[in-house]
Amino acid sequence: MRLDFVRGHMGGNLIILLRGEQIPFGSELETAVKLLGPNYLSAHEAGILYPIDKEGQIEVKIAEASLPSFISACGGLTQVLGAALVETELGLIFGVKKDAPFTEVLLHTDGGQVGLIIDRHDQKSLKIKTDMQSFVNETYDRGVGFLQHKGLNVIKAGKFLVINAVHFKEIYPHADFIRWDSKTRQALLEIQHEFQEKTGEIEPNVAVYDWNPEYSGHLRVVFPHSVETEYIEPSCGTGSVALGIAVLAGGELDHFKDLSSDQSGQLLLNIESGGGIELGGPEITALEMKIDKGLVKSAAFSHSRVEITSVGQAIL
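Source: prediction; values computed, not measured.

Enquirer: For this particular structure, what's the right way to read helix α7 (residues 237–249)?
Expert: Side chains of residues three or four places apart in an α-helix project in the same direction, reflecting 3.6 residues per turn. With 13 residues, α7 extends 19 Å from end C-alpha to end C-alpha; this agrees with the ideal 18 Å at 1.5 Å per step. Counting buried positions along α7 gives 12 out of 13 residues, so the element sits mostly inside the fold.

Enquirer: Could you clarify how one ought to interpret helix α6 (residues 182–199) in this entry?
Expert: If you check α6, its first and last C-alpha atoms are 25 Å apart, about what 18 residues at 1.5 Å a residue would give, namely 26 Å. All of the buried residues along α6 are Thr 184, Arg 185, Ala 187, Leu 188, Leu 189, Ile 191, Gln 192 and Phe 195. Where α6 terminates, the next one or two residues include Gly 200, which has phi positive at roughly 80°.

Enquirer: Which parts of the structure should I look at to understand empty space enclosed by the protein?
Expert: Once rolled over the atoms, a probe with the size of a water molecule shows which space is left empty. Summed over all chains, the structure comprises three cavities of 30 Å³ or more. What the largest cavity holds in volume is close to 160 Å³. For the largest cavity, the lining is made up of 20 residues, of which Glu 45, Ile 71, Asn 205, Tyr 231 and Thr 238 are closest to its centre. Elements that contribute at least two residues to the lining of the largest cavity include exactly α2 (75–87), β14 (231–233) and α7. When the residues that make up the lining of the largest cavity are grouped by side-chain class, the tally is seven nonpolar, eight polar and five charged. Of the volumes computed, that of the second largest cavity is approximately 70 Å³. Every residue lining the second largest cavity is listed: Ile 62, Ser 72, Ala 73, Cys 74, Gly 75, Thr 78, Thr 109, Val 114, Asp 131, Met 132, Ser 134 and Phe 135. Broken down by secondary-structure element, the contributors of at least two residues to the lining of the second largest cavity are α2 and α4 (133–142).

Enquirer: So what exactly am I meant to see when it comes to the environment of Arg 120 here?
Expert: Position of Arg 120 relative to the elements: it lies in strand β7 (residues 112–121). In this structure the C-alpha to C-alpha distance between Arg 120 and Ser 27, which are 93 residues apart in sequence, comes to 35 Å. For Arg 120, the residues in contact, after removing those within four places along its chain, are Val 86, Lys 98, Asp 99, Ala 100, Pro 101, Thr 103, Ser 125 and Leu 126.

Enquirer: Quick question: what am I supposed to make of the side chain of His 9 here?
Expert: For His 9, the location among the structural elements is in strand β1 (residues 2–10). Within the local environment of His 9, its side chain forms a polar contact with the backbone nitrogen of Gly 12, the two atoms lying 2.9 Å apart. Here Glu 307 takes part through its side chain, which lies 2.8 Å from a polar atom of the side chain of His 9. Beyond its immediate chain neighbours, meaning those up to four positions away, His 9 contacts Leu 14, Val 80, Arg 305, Val 306, Glu 307 and Thr 309.

Thresholds applied
- Residues numbered from 1 in each chain as written.
- Predicted model: local features only at pLDDT ≥ 70, side-chain atom pairs only at ≥ 80, totals over all residues.
- Heavy atoms only, no water.
- Helix = DSSP H or I, 4+ residues; strand = E, 2+ residues; numbered from the N terminus.
- Expected span 1.5 Å × (residues − 1).
- Buried < 20%, exposed > 50% of the residue type's maximum accessible area, 1.4 Å probe, protein only.
- 1 Å grid on protein atoms, 1.4 Å probe; cavity = no way out; pocket = protein on both sides within 12 Å on 5 of 7 lines; lining within 4 Å.
- Points joined across faces, edges and corners; volume = space filled by probe spheres on them.
- Nonpolar A, V, L, I, M, F, W, Y, C, P; charged D, E, K, R; others polar.
- Contact = heavy atoms within 4.5 Å.
- Polar contact = N/O pair within 3.5 Å; in protein donor to acceptor, adjacent residues only side chain to side chain.

Structure below.
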């Protein structure tokens with residue numbers, strides 16, 4: 001079996017894109033998971049693309065290997081797909097017009113419709129903006145609240161476990177979010193296992209953050225979803241949205257009134273992420289949120305570094 005692929009990343013969140021019509025019916029998840037493995041294309045998530053008989057619209061099934069399973073949303077995948085539609089033949093294959101400075105695409109995912117606005121110039125994507133409204137809805141539907149582990153307060157933001165790194169170190173003073181040594185990993189695993197037992201959430205989704213940016217962000221984050229399997233994402237679009245919802249719920253945005261650009265409740269949160277498995281990174285995830293009555297009503301994001309790294313055929 002020969003499968004065309006596009007591989008790229010969003011701040012180190014590695015993505016592969018596949019064409020659904022090339023994969024035998026019934027083997028989609030198995031095929032995607034195999035290609036995600038280290039012996040093949042080595043990535044975090046795969047997007048299986050299907051054409052829709054509507055201009056500028058694509059159906060996407062999103063696979064990840066840690067369970068393995070199809071998942072409802074992946075922000076990094078949308079960013080890489082946006083770049084691929086402009087910079088590779090995928091745009092032509094899926095009938096996406098590229099004759100205007102801005103290209104709009106509507107994705108149909110298991111979590112709902114996701115809109116993209118791609119700012120492009122000379123067949124190069126300059127900025128991709130992903131509408132994350134469907135994931136905001138999913139997060140609140142799954143529940144947002146607070147849990148405690150050995151005196152450590154953590155936040156459940158939908159399917160995400162969100163942890164303040166400073167508070168983590170108060171309980172585990174030797175925690176190292178640069179090297180991720182065995183003691184740090186074991187402590188996180190204990191918290192994660194208890195979180196899953198209490199909430200019933202099965203997917204491993206973790207965000208660790210603090211308010212100590214090194215570059216031009218407001219805060220920084222890393223996503224150690226499954227340290228057991230070395231599954232640590234430097235950047236994560238859904239995780240960034242979950243983080244925004246969590247810090248709002250925790251009252252941590254109360255001291256940042258200057259973040260709001262106007263009186264409509266619109267807020268821009270610049271999050272440092274990407275580059276490696278350490279907390280924070282040189283890239284910026286720009287998260288736009290509309291807030292009303294203490295809740296995030298809508299969200300969109302873009303990432304400062306999205307690259308297509310290879311195009312070719314995989315042989316299975």
